[in-house]
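# Architecture and fold: a report
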Amino acid sequence: MSEEREPPPLPGAAQTVFPEPQDAEDLFVSAASAMESPEAACLSAEDISPSSNGPRDDDPDDLFAEATEEVSLDSPERQPILSDGPSPAITPVTPVMISPRVDVFDRSPDQDEDEEENRDTFDIQISVSDPEKVGDGMNAYMVYKVTTKTSLSIFSRDEVCVKRRFSDFLGLYSKLASKYMHMGYIVPPAPEKSIVGMTKVKVGKEDLSSVEFVEKRRSALERYLLRTVKHPALLKDPDVLQFLESSELPRAVSTQALSGAGILRMVNKAADAVNKMTIKMNESDAWFEEKQQQFENLDVQLRKLHASVESLVCHRKELSVNTASFAKSAAMLGNSEDHTALSRALSQLAEVEEKIDQLHQDQSYADFYLISELLGDYVRLITAVKGVFDQRMKAWAKWQDAQVMLQRKREAEAKLQYANKPDKLQQATDEIREWEGKVQQGERDFEQISKNIRREVGRFEKDRVKDFRVVIIKYLESLVHTQQQLIKYWEAFLPEAKAIA
Amino acid sequence: MTSISEDSDKEKMRSVSVDLNNDASLVIDIPDALCERDKVKFTVHTKTTLSSFQKPEFSVPRQHEDFIWLHDTIVETEEYAGFIIPPAPPKPDFEGPREKMHKLGEGESSMTKEEYAKMKQELEAEYLAVFKKTVQVHEVFLQRLSSHPMFRKDRNFQIFLEYDQDLSVRRKNAKEMFGGFFKNMVKSADEVLISGVKEVDEFFEQEKNFLLDYSIKIKDATAKAEKMTRSHKIADDYNHISGALNNTAADNNTAFKKHLEKCAEVFEKLRKVEDRMASDQELKLTELLRYYTRDIQAAKDLLYRRARALADYENSNKALDKARLKGKDVAQAEENQKQCLQKFDKLSESGKKELTSFKARRVVAFRKNLIEMTELEIKHAKNSVSLLQGSIEILKSN
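An unreviewed UniProt entry lists chain B under the name Sorting nexin, with Cyprinus carpio given as the organism. If you open the UniProt record of chain B and go to Sequence similarities (unreviewed entry), you find "Belongs to the sorting nexin family."

Taking an unreviewed UniProt entry as the reference, chain A is identified by name as Sorting nexin-2 belonging to Cyprinus carpio. The UniProt entry for chain A carries the following text under Sequence similarities (unreviewed entry): "Belongs to the sorting nexin family."

This is how it looks when you write it as structure tokens:
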């Protein structure tokens, strides 16, 4: 079942699936020590301030002594405002990573792919349940219970229960996106906000539509978490662990649409869009070009399929309602009928139709939760995939810009040599060295992100095929069940009809 | 222009009314019909051993309006006041398929070739279904007449069957004569009169109560059944899904591609089954209810006429008393009263017979249709199950 387009085997002996900063050796050395107490790291999750955006602040200096780039990650200014942007155009963060957990990840990426099928080490179950309304009026919100059952050692307990609200999930996604997306990781997107849906719940309408809305959201949140932990890198992320384990989570205010962060996000998105249009990348790798086209096509196709399935759900619901109303009418008719046997048969018919209406309704839920929601999730995932390709483009642009800058600095130095200004010359030489470093870094980053994307896309494709296969079969089985029930009901009715004399 | 020819499952089609056409002395059917734009031309074919007809076998073309004319003349014939007059067939209604055709034309650009061809096929099938239904309902009307001992002898009925020229001239004359006045009056007054009259006869009292209530309930049931069968258009969605899956399949690698294509095929087949399920339900259940709504109305009309006769009789009694008081025109008043009583008794007698046989007919028709519908639903559901299970096997092993 292997994909025809396997990403080429990753070069070198890098026994980790994570991108490394240039100080691979340093990272491992200090990582090994930090790793002795994974539990400790977890439990100290409570101490991690909301402003920690990147890697674990517990070992900032050891790991990232040589870390280049603009902003110090510990700076207090890096408040929620900046840390939650999905792709901060202003201050790109160095590709730094939490230390790989060698106990789980001592296999090569290639092996990783093959063993994905028998992932007995991937033993984690997450469920989102028991939605509860907290508070009143427009300040009310829903709180969900998140239960994690696992045997993985990175978790402090076998079973943890925490309470989370919707904005907590959004906050988690925000953090993960800003940490990993620019490295080419496909970060599963969180469920979408719904002002209409939530307002109804807040206002306290206990009707069917708000109950359905809450159920839809609960299910979406559960799928979101499961997808997130399925990603080998994200599973280890301290923010994820904190989310799943710690009883108190600082409120992610920056996820609100109209907060300062929200507005900044919108600005960034616009900037990104402009950049996308202006960056003209020389694609040297046909694989990327092909894949991008493929994902564009897939996007269109999935949306169309999704629309068709949504229409199916809608029609089935309608059919269910109409069948119920007919059932009532048939019962009335049966009551009115003065021929006893026919009267009884009509009443039976009414009962059968009532059962059938329930059947239609159940089937429409299956239509929805099995297929429609999955398609919706994948449409959003594909947007994340496309985003990751864009990140690669940005990395390329940065690299090119660095090269241009280096060239300029070299020219400037040459000029200075003629002009014979020794003090300025020294500065120029320093600058050249600086920019040489940046060019090297840019190239490395670009290659790294390309490598990551290949791997991520491979994993994504595999998961996608598997997901769809499983869901299709489940769905067809649900259809079989419905039809079998139909047979049962009608076969029970047949003797009644024949008994009319 | 669409036409149907001798249909071998016509036996099954002729479902709503039963026990018809088993008298070989007068056999009527509609073997053929043409559809031109809005008008449907039925070919009415008669085989008879009766000497009152000129030939033993003949066919004439008739339009829907001709059937209405025939129905109206029978309604307005005094002698038939004591009979349940078979309800007139409803006007052929191609609104549904026409709307769909319109939508198809509009959406042509947004669909793939295959989808378009499929929808066109569906549209044609729907058109054909409406067509078959309207032929059936016109046929049943004639057969009810031919199997009734009195109606089959009706002069206008014979003209309708035999007259090989256009009936439209006769139709116009009839309209001028009666002007539809009587019919309109019946429609508005029957409820009030029927319920207002004091009923002495136990049988009619029961029938009256039953029919009044039943007609409301069956009208409602028909409407709800129509809504239900109309909304059974899941087949359309399966069609779109199948198309979308095929598109997605085109782009994928081989193993998954086959998987998706198989899936698309499943939905395509399911669509056909769902279609049949919906149309069979419509034919057996909804058409049945529709027909009997009209028939119940015809029964109510009979009750009305009888109630009217009773009212006339009571009036004639009063007139007789008045005449006796005044001492003038007594003989005339007596004669009038006698006639009214006769008419009323005749109506009551034949009315009783008609209503009893009506109930029997109704029960048999419901039984037949409910059984047939149930058997068909079971058959289709079993087909679906075997289709789905077969596909699941293939998909799992892939």
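Across its full length, chain B holds 11 helices and 4 strands. For chain B, the proportion of its 398 residues judged to be buried stands at 52%. At a minimum sequence separation of 6, the contacts of chain B that also span at least 24 residues come to 76%. Here chain B has roughly 19,600 Å² of accessible surface; of this, 53% comes from carbon and sulfur atoms.

We now examine the sheet that holds strand β3 (residues 159-165) of chain A. Residues and elements named next belong to chain A. Read from one edge to the other, the open sheet built from 3 strands follows the order β1-β2-β3, with strand pairing classed as antiparallel. Taken across any chain shown, the strands that pair with only one partner, and hence form the sheet edges, are β1 (124-134) and β3. Ignoring strand direction, the axes of neighbouring strands in this sheet form an average angle of 20°. Packing against the sheet, helix α10 (residues 238-245) makes contact with β1, β2 (141-150) and β3, and its axis sits at approximately 95° to β3.

What follows covers the pairing of strand β3 (residues 39-48) of chain B. All names here are of chain B. Relative to β3, strand β2 (residues 26-36) runs antiparallel, the two sharing 9 bridges. Bridged to glutamate 36 within β3 is lysine 39. The hairpin formed by β2 and β3 contains 2 residues between the paired strands, and arginine 37 there has a positive phi angle of roughly 50°.

What follows deals with the packing of aromatic side chains. The tally for this structure, following the rule as stated, stands at 28 aromatic pairs over all chains. Here the aromatic rings of Phe169(A) and Phe243(A) are separated by 4.9 Å at their centres, their planes lie at 70°, and the arrangement is edge-to-face. Note that Phe169(A) is positioned in helix α6 (residues 166-180) and Phe243(A) in helix α10, a separation of 74 residues in sequence. Each member of the pair, Phe169(A) as well as Phe243(A), carries the same accessibility label: buried. Ring geometry for Phe94(B) against Tyr127(B): centres 4.9 Å apart, planes inclined by 35°, an arrangement best described as tilted. Separated by 33 residues along the polypeptide, Phe94(B) in the loop between α2 (64-75) and α3 (95-107) and Tyr127(B) in helix α4 (residues 113-146) bring together distant segments of the chain.

Bringing the interface of chain B and chain A into the picture now. Contact with chain B, which involves 65 residues of that partner, is made by 53 residues of chain A. Here chain B packs against chain A, burying approximately 5,400 Å² in sum over the two surfaces, 67% of which is carbon and sulfur. Taken together, the connections running from chain B to chain A amount to 6 salt bridges. A salt bridge links Lys359(B) to Asp338(A); its shortest N-O distance comes to 2.5 Å. Elements represented by at least two residues in the side of chain B that touches chain A include exactly α8 (202-230), α9 (234-250), α10 (254-326) and α11 (330-397) of chain B. Looking at the side of chain B that touches chain A element by element, the count peaks at 21 residues for α11(B). Here the side of chain B that touches chain A is composed, by residue class, of 32 nonpolar, 15 polar and 18 charged.

Across chain A, pLDDT averages 75, with 71% of residues at or above 70. Contacts for the low-pLDDT stretch residues 1-120 of chain A, under 50 throughout, to residues beyond four places or in other chains number 174 contacts.

Moving on: the environment of Ala33(B). Note on placement: Ala33(B) falls in strand β2. Placed 207 residues apart in sequence, Ala33(B) and His240(B) show a C-alpha to C-alpha distance of 34 Å.

Residues annotated by UniProt as "coiled-coil region" (unreviewed entry) correspond here to residues 425-452 of chain A. The annotated region residues 425-452 of chain A carries 100% helix and 0% strand content, and the separation between its end C-alpha atoms amounts to 40 Å.

Let us now look at the packing of helix α8 (residues 208-230) of chain A against helix α13 (residues 340-419) of chain A. Residue and element names in this part refer to chain A. With their axes 11 Å apart at the nearest point, α8 and α13 run at an angle of 50° to one another. Between α8 and α13, the angle is such that the two are oblique. Between α8 and α13 the crossing geometry is right-handed. Across the interface between the two elements, Glu212, Glu215, Lys216, Ser219, Arg223 and Arg227 of α8 pack against Tyr365, Phe368, Tyr369, Glu373, Leu374, Asp377, Tyr378 and Leu381 of α13. Along the lines of polarity and charge, the residues of the contact of α8 with α13 split into 6 nonpolar, 1 polar and 7 charged.

Let us now look at the pattern of salt bridges. All names here are of chain A. Evaluated as defined, the whole model comprises 50 salt bridges over all chains. Salt-bridge contacts for aspartate 130 lead to lysine 145; the nearest nitrogen and oxygen are separated by 3.4 Å. Remark: lysine 145 occurs in strand β2 and aspartate 130 occurs in strand β1; sequence separation between them is 15 residues. Relative accessible area serves as the criterion here: at 27%, lysine 145 is assigned to the partly exposed category. Its salt-bridge partner being aspartate 430, residue arginine 433 comes within 3.4 Å of it at the nearest N-O pair. Residue arginine 433 and its partner aspartate 430 are located together in helix α14 (residues 422-498), separated by 3 residues, close to a single helical turn.

Thresholds, definitions, all that
Here, residues in each chain are numbered from 1, in the same order as that chain's written sequence. The naming scheme follows written order: chains are lettered A onward, ligands numbered 1 onward. In keeping with the predicted nature of the model, local features appear solely for residues at pLDDT of at least 70, side-chain atom pairs appear and are counted solely at 80 or more, and the whole-chain, interface and lining totals rest on all residues. The basis for every side-chain value is the complete set of non-hydrogen atoms in the structure, without hydrogens or water. UniProt positions are given in the numbering used here, feature names are shortened, and annotations may be inferred rather than shown by experiment. To qualify as a helix, a DSSP run of H or I must reach at least 4 residues; to qualify as a strand, a run of E must reach at least 2; elements of each kind are numbered from the N terminus. Exposure classes here rest on a 1.4 Å probe applied to the protein chains alone. A residue is buried below 20% of its type maximum, exposed above 50%, and partly exposed in between. The contact criterion used throughout is that any non-hydrogen atoms of two residues lie within 4.5 Å. Working definition of accessibility: Shrake-Rupley area with a 1.4 Å probe, residue cover restricted to the visible protein chains. Here a strand pair is declared whenever DSSP counts at least two bridges between the two strands. The convention used is that axes are lines fitted to C-alpha atoms, helices contributing only their stretch in contact, and that angles between N-to-C directions extend from 0 to 180 degrees. Aromatic pairs are defined between Phe, Tyr and Trp rings, using the six-membered ring for Trp, whenever the two ring centres lie within 6.5 Å; interplanar angles under 30 degrees are classed as stacked, those over 60 as edge-to-face, and all others as tilted. Note on definitions: buried area is the accessible-area loss of two parts on being combined, 1.4 Å probe, summed for both. Throughout this description, the term salt bridge denotes a Lys or Arg side-chain nitrogen within 4 Å of a carboxyl oxygen of Asp or Glu. Three residue categories are used. Nonpolar comprises Ala, Val, Leu, Ile, Met, Phe, Trp, Tyr, Cys and Pro, charged comprises Asp, Glu, Lys and Arg, and polar comprises the others, including Gly. pLDDT is defined as a per-residue confidence score from the predictor, taking values between 0 and 100. Convention used here: angles under 35 degrees read as roughly parallel, angles over 145 as roughly antiparallel, angles from 65 to 115 as roughly perpendicular, and any remaining angle as oblique. Put simply, a crossing is left-handed when the front helix is turned counterclockwise from the back one by less than a right angle, and right-handed when it is turned clockwise.

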